[in-house]
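In case you want the letters, here they are:
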Amino acid sequence: RMKHLFGLLVAIIFLSTLDLSYCLGANVTKLCPGTNQFTPRHKVDLYIMSKCPYGTQALLKMASVVDNIGDSMDLNIEFIGTYSGRGSDISFKSLHGQTEVEGDKWMLCIISVLNKNYEYMQYLSCIAQDHTAVPNNVDSCLFPIKNSTQYNQINQCFQGQMANQLLKQSFDASNYQGIHSSPTFMFDDNPYSGSREPQTLSNSICSSVPNSGILHAIQIRFWILLFLCMITILFIVIMIACAVGLMSYIRYQADREAPSFSQLDDSEAFETSDGVLEDEEL
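The model shown is predicted, which means the values in this text are computed figures rather than measured ones.

(A) Broad picture of the overall build of the chain. Regarding its fold elements, the chain presents 10 helices and eight strands. Within the span of the chain, comprising 282 residues, buried residues form 37% of the whole. Sequence separation of 24 or more characterises 71% of the internal contacts of the chain that already satisfy a separation of 6 or more. Just so you have it, the chain exposes about 17,400 Å², and 58% of that area is on carbon and sulfur atoms.

(B) Inspection of the environment of M107 at higher detail. Looking at where M107 falls in the secondary structure, it is placed in helix α3 (residues 98-113). Sequence separation between M107 and M121 is 14 residues, and the spatial gap between their C-alpha atoms is 9.7 Å. Non-local contacts of M107, meaning those with residues more than four positions away in its chain, are made with S50, L59, F79, L124 and I127.

(C) Looking closely at the state of the cysteines. Across all of its chains, the model carries two disulfides by this definition. Shown here is the disulfide that connects C109 with C157, its sulfur atoms set 2.1 Å apart. Where C109 bonds to C157 through sulfur, the torsion about that S-S bond is close to -75°, and the disulfide is left-handed. A residue pair is termed long-range when its members are at least 10 positions apart, and C109 in helix α3 and C157 in helix α6 (residues 149-159) qualify at 48 residues. With a relative accessible area of 0%, C109 lands in the buried category. Between the sulfur of C126 and that of C141 lies a disulfide, 2.1 Å long from S to S. The chirality of the disulfide connecting C126 with C141 is left-handed, given an S-S dihedral of about -80°.

(D) Just helix α7 (residues 161-176), in detail. Helix length check: α7, at 16 residues, gives a terminal C-alpha distance of 22 Å against a target of 22 Å (1.5 Å per residue), a fit within 8%. When α7 is considered as a whole, its buried residues turn out to be A163, N164, L166, L167, S170, F171 and S174. Across the axial projection of α7, the buried residues extend over an arc of 165°, all falling on one side. Of the residues in α7, the exposed ones pointing more than 90 degrees away from the buried face are Q169 and Y176. Elements in contact with the buried residues of α7: β3 (42-48), β4 (73-79), β5 (82-84), β6 (91-93), α3 and α6. Looking one or two places after α7, you find G178, whose phi comes out positive at around 70°.

(E) Spatial organisation of the sheet that holds β3. Strand order across the open sheet formed by four strands is β4-β3-β7-β8, with mixed pairing between neighbours. Lying at the two open borders of the sheet, with one neighbouring strand each, are β4 and β8 (190-192). If you compare each strand with its neighbour and ignore which way they point, the axes differ by 25° on average. As paired elements, β3 and strand β7 (residues 184-187) share four bridges and run antiparallel to each other. Its bridge partner lying in β7, Y47 is registered against T184. Contacts between helix α8 (residues 198-207) and the sheet are confined to β3, β4, β7 and β8, with β7 contributing the most and set at about 35° to the helix.

About the cut-offs
Residues numbered from 1 in each chain as written. Predicted model: local features only at pLDDT ≥ 70, side-chain atom pairs only at ≥ 80, totals over all residues. Heavy atoms only, no water. Helix = DSSP H or I, 4+ residues; strand = E, 2+ residues; numbered from the N terminus. Buried < 20%, exposed > 50% of the residue type's maximum accessible area, 1.4 Å probe, protein only. Contact = heavy atoms within 4.5 Å. Areas by Shrake-Rupley, 256 points an atom, 1.4 Å probe, with all protein chains shown as cover. Disulfide = S-S within 2.5 Å. Expected span 1.5 Å × (residues − 1). Arc of directions from axis to C-beta. Pairing = 2+ DSSP bridges. Axes fitted to C-alpha atoms, helices over the stretch in contact; angles between N-to-C directions.

This is the structure we're talking about:
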């Protein structure tokens, strides 16, 4: 048993030294070009307005960045604006009017439905090509998927309360960061104000420090170690309980088989009386 327990403890120590985030699907994938094989993904946040000419230009630049290093980053697109009220009575305001609010909702619904492998980016890029036509150009940009389930889901999102919820969350994210300028870039939670050329953006993202990814990996390793420690403690408790139970059973069996003191006294008395009777008869 001690050998097994020692081996389990050694296994825990060994596993705690591994970067198991690879196995658990953490934010780890291909690195940016020119570096090692694996690294945590870089967190990239882009804050824009759907009818802002500079914001839509930034969105188009980011589409090229996605083509370059998309597997090395997690892109999050948020929109800038304010709202009042709640539930079905909520009212949104944006710098370029209600048409921009509608454009924001359309883009968020597209991102929500087509969120796998940046599938949404080609449709957002199409919309961003002419910011003055937003949101009237949404339907033509979605024409390639006109008869698909995804198209219906996007429309249901926009027509229902989901669009309001998404836009509220997006405005909350922007206001929480105190961001009111379109576009605003954040790489690994650090503001970026350099060139917006795709290659420069890619290089800046790749050279940023992915603090969130490191913390994520550390957290995963901590919970794995804690889980293994709990399993070890449970194993020890079970072994102790089994040992105590076994000792109690052995003692119980020994007590049952051994004669009691009263039985021994009666037996000795019987033998003594027999002996006295025999002497008298003689």
